[in-house]
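Below are the chains, spelled out letter by letter.
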Amino acid sequence: MENVYKEDHAKALIKLYPDIAEELVRRTYTSRLIGANPNLVLPGGGNASLKLKQKNVLGEDQEILFVKGSGVELATIEPADFLALDLAYLRKFRRLEKIEPAEMENQLQICILHPSASIPSVESLLHAFLPHRYVDHTQADSILILTNQPDSRNLIRDALGPRVAVLPYTLPGLSRAQEVAAHYDKNPDLKAIVIANHGIITFGEDAQSSYTRMIDCVNRANAFIARRIRGKPLATPQAGVTSSLRSKTMAAIFAQFIRGICAHENPAGRLCRFRVEFRNTPELLNASFSKDALSMCASGALTPGHATRTKNKYVYIDSIPDQVEALGAMLNREVDKFVKEYHRYYQEHSKISSLDRQELDPYPRVFLVKGLGLYTLGFCHQEAKLAADISEHTIRAKLQAGALGRYIPASDSHAFNMEYWSHRQKKISDRHLPPLQSQIAIITGGGGAIGLGIADRLLASGAAVVLSDIDESRLQQVYSNLKNRYPEGEIELIPCNVTDYHSVVAAYNETSRRLGGIDIVVPNAGIAYVDTIEDLEPQKLDQVIAVNLKGTFNTIKAAIPVFRRQGTRGNVIVISSKNVFDPGAAFGAYSASKAGAHQIAKIAALELAPLGVRVNMVNPDAVFGDEKISSKLWDLIGPDRMKSRGLDFKGLKAYYRNRNLLKVEVKAEHVGNAVVFLASDLTPTTGASLPVDGGIPAAFPR
Ligand SMILES: [Zn+2]
């Protein structure tokens, strides 16, 4: 890997922050260089620090440790993201014999000199105890490949030379920091310290030399590994296996099954669903065919920290039955096996460690599937993605480690202690989840004003949203309205033609491959045509029926197998119309097709109740678009409506506002709020209609 330090880049950054100490800007610069390299640190990983003397408000010199806060990304770190800690006080902890983890956490909070949103990592002590001005810490793959071997001490010495020490793995905290500092004191010519099964620490008096030492060490490790494994195949294919890829459909069905099987109620009685990340790079597919695939999945994480993201073991699936039902039964058995093994691991190690802990959910996070690829699970997109990043790196590293010698993971008890560390438990119990967290919604007719309003409200409630529409340019328009307000990975655009059943099935499969499955279906695609029965061309009626009625039917029908495979209930919310109860003249095609869709929804409520799937209808009246996006429907019928009532657009809006009891303009976000209410399972309601029309007596449901 290239040493990408450029003094002119550092200088340019210093210019950008004229009010910030140059040392801290240099600290920011090399931290970003390290963070940008996934072979050094994965998202959220790594740490970096700087020691600096600054004047406090009294004009006294104060020694400060600037250290990355927990959860901050090195790749995008800002000078302000470094926590300023009271270094003189922290240094005194070197004399302390013992401290409870919770008290250590308090003490670290007390040391914060500037208010900050993030909290100091417990590894701040390690940075404080080393004497160097700059300290860098990464979990480089190549270092872990060398430490996770029977003869790691010699391997590291051969690879990195005598000025790099290897210390055995210990839990992060006071004693690890004391050991590292004591080792350095005895060997002051060290240029780096490796902690087995954990990572590497480099240091220096300036940012460049600490960074350069990191790159040098990792490059030496890489070169050493490359020399040793040259000519050895990394993934020995199993005999008799062809690499023909399973269909894209199977990849989707697999995701739906594992998502459903691993969903579970948490201690508060809430159904926790997963997001799924699916990857099928040639490298992963190759690994899935390796004869070592099973042992790779069973052998334990590269570092105990990874176990908190991926669990310590992965599930390996070595064949996919042709029958979908058989696949479900097989996956149930495999997950059940994993769960039993996890209970055993929890019981054994909680006894040994005598920690008073609450068992975490026992479900796997990583599946490697022969011929399909890698699936990872997380309670949100970031978690699933991070688990995929980690397991992808882990699989690559384990293949190299296997070729190098024999891969030895950190012990189960180290993984357990990391997984059940008090800090982690606190983070978990602090979770406040939005009502639709990890649920996946698909909205047809997503390229219009109502689609935007529904998507916005569902996203705000924690759901991931797939916007589907036949018109891709309108989808882009809606997306550009949403993308800056919601995290990356929460919105997907999947075009589909609702009049074609196969197109809907394909869209659902694509949804499952990208997100994992479907929980909330919102049939919303609709068109209208204004004409009296006398003048209405029969094929115009066909067109309107194809979208409004058959489209709703297709959208519900295609979701049923997905609901069945997941087995985690679900919601269908049909966007019906005020016209179903209170039709208007010259609006027969629309009103009749919507009435048909409404009736289909009621039938679905009857048929899907055994699956726990609720089907409800929202009946809006006259939702106009706004400056963000127009309503496709009103683009079509507005001019006719204005003409027939002799009004301009503003007048038409006023007309609709004035005809309801509450004298309000019905907005897309109102429809979105109704969808969220029905999707939230707050009331045991199915087969019901919820008017969102300001109150129109003629359209009261009955
Ligand atoms: Zn560390």
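Quick caveat, the model's predicted, so the values are computed rather than measured. (Residues numbered from 1 in each chain as written. Predicted model: local features only at pLDDT ≥ 70, side-chain atom pairs only at ≥ 80, totals over all residues. Heavy atoms only, no water.)

Draft legend 1. A look at the coordination of the zinc ion. Taken together, the protein ligands of the zinc ion are Glu123 (OE), Glu123 (OE), His137 (NE2) and His198 (NE2), with distances of 1.9 to 2.5 Å. Metal-centred angles of 58 to 151° between the four donor atoms at the zinc ion mark the site as irregular. Look at where the donors of the zinc ion fall in the sequence and you get E-x13-H-x60-H. Of this pair, Glu123 sits in the loop between helix 4 (101-110) and helix 5 (124-129) while His198 sits in the loop between strand 6 (192-195) and strand 7 (199-204), placing them 75 residues apart in sequence. The residues Glu123 and His198 share a single accessibility class, namely buried. (Donors = N, O, S within 2.8 Å, 3.2 Å for Na, K, Ca; no water. Tetrahedral: all angles 85-135°; square planar, octahedral: opposite > 155°, others 65-115°. Helix = DSSP H or I, 4+ residues; strand = E, 2+ residues; numbered from the N terminus. Buried < 20%, exposed > 50% of the residue type's maximum accessible area, 1.4 Å probe, protein only.)

Draft legend 2. Up close: the side chain of Ser121. Take Ser121: it is sitting in the loop between helix 4 and helix 5. Take Ser121: its relative accessible area is 15%, and that puts it in the buried class. Separated by 2.9 Å, the side chain of Ser121 and the backbone nitrogen of Glu123 make a polar contact. Not counting chain neighbours up to four residues away, the residues in contact with Ser121 comprise Asn47, Ser70 and Leu108. (Polar contact = N/O pair within 3.5 Å; in protein donor to acceptor, adjacent residues only side chain to side chain. Contact = heavy atoms within 4.5 Å.)

Draft legend 3. Spatial organisation of the nonpolar core. Counting residues in hydrophobic clusters, the biggest one holds 53 residues, and the most contacted among them are Phe66, Ile143, Leu146, Leu160 and Val194. Per-element accounting of this core gives the leading share, 10 residues, to helix 9 (residues 207-229). Beyond its immediate stretch of four places on either side in the chain, Ile143 contacts Ile156, Leu160, Val194, Gly199, Ile200, Cys217, Val218 and Ala221. Ranked by size, the runner-up nonpolar core spans 38 residues in total, among them Ala301, Met330, Val335 and Tyr420. (Core = buried A, V, L, I, M, F, W, Y, C linked by side-chain atoms within 4.5 Å.)

Draft legend 4. Spotlight on the pairing of strand 10 (residues 275-279). Of all five residues in strand 10, five are buried, a share of seventy percent or more. Here strand 10 shows no split at all, with Arg275, Glu277 and Arg279 on one side and Val276 and Phe278 on the other all buried. Alignment of strand 10 against strand 13 (residues 373-378), held across five bridges, turns out to be antiparallel. By the bridge assignment for strand 13, Glu277 is matched with Thr376. (Pairing = 2+ DSSP bridges.)

Draft legend 5. Up close: the packing of aromatic side chains. Taken as a whole, this structure holds 14 aromatic pairs when the rule is applied. Between Tyr342 and Tyr345, the aromatic rings sit 5.3 Å apart at their centres with planes inclined by 50°, giving tilted as the arrangement. Linking Tyr342 with Tyr345, this pair stays in helix 14 (residues 324-353), spanning three residues, or about one helical turn. Relative accessible area serves as the criterion here: at 5%, Tyr342 is assigned to the buried category. Classification of Tyr345 by relative accessible area gives buried; the value is 6%. By way of ring pairs, the aromatic residues Tyr342, Tyr345, Tyr346, Phe416 and Tyr420 are connected into one cluster. When the ring centre of Tyr342 is taken as reference, the NZ or CZ atom of Lys311 above it lies at 4.1 Å. Its guanidinium or amino end placed over the ring of Tyr314, Lys398 lies 5.5 Å from that ring's centre, counting from NZ or CZ. (Phe/Tyr/Trp six-rings, centres within 6.5 Å; stacked < 30°, edge-to-face > 60°. Lys NZ or Arg CZ within 6 Å of the ring centre and 35° of its normal.)

Draft legend 6. How the structure looks around the confidence of the model for the chain. Model confidence for the chain is summarised by a mean pLDDT of 92, while 97% of its residues fall at 70 or above. Predicted confidence for residues 240-245 stays below pLDDT 50, and this span has six contacts to residues more than four positions away or in other chains. (pLDDT = per-residue confidence, 0-100.)

Draft legend 7. Here's a closer look at the environment of Arg270. Here Arg270 is to be found in the loop between strand 8 (264-265) and strand 9 (271-272). Its relative accessible area of 28% is what places Arg270 among the partly exposed residues. Not counting the four nearest positions on each side in its chain, Arg270 is found in contact with His264, Glu265, Leu433, Pro434, Pro435, Leu436 and Gln437. Looking at Arg270, its side chain comes within polar contact range of the main-chain oxygen of Pro435, at 3.4 Å.

Draft legend 8. Here's a closer look at the packing of helix 10 (residues 248-262) against helix 20 (residues 501-515). Contact geometry for helix 10 and helix 20: axes closest at 8 Å, N-to-C directions at 60°. By the angle between their directions, the pair helix 10 and helix 20 is classed as oblique. As helix 10 packs across helix 20, the resulting crossing turns out to be left-handed. Side by side, helix 10 and helix 20 meet where Lys248, Thr249, Ala251, Ala252, Ala255 and Gln256 of the first sit next to Asn509, Ser512 and Arg513 of the second. Within the contact of helix 10 with helix 20, the residues separate by chemical class into three nonpolar, four polar and two charged. (Axes fitted to C-alpha atoms, helices over the stretch in contact; angles between N-to-C directions. Parallel < 35°, antiparallel > 145°, perpendicular 65-115°, else oblique. Left-handed = near helix turned anticlockwise from the far one by under 90°. Nonpolar A, V, L, I, M, F, W, Y, C, P; charged D, E, K, R; others polar.)

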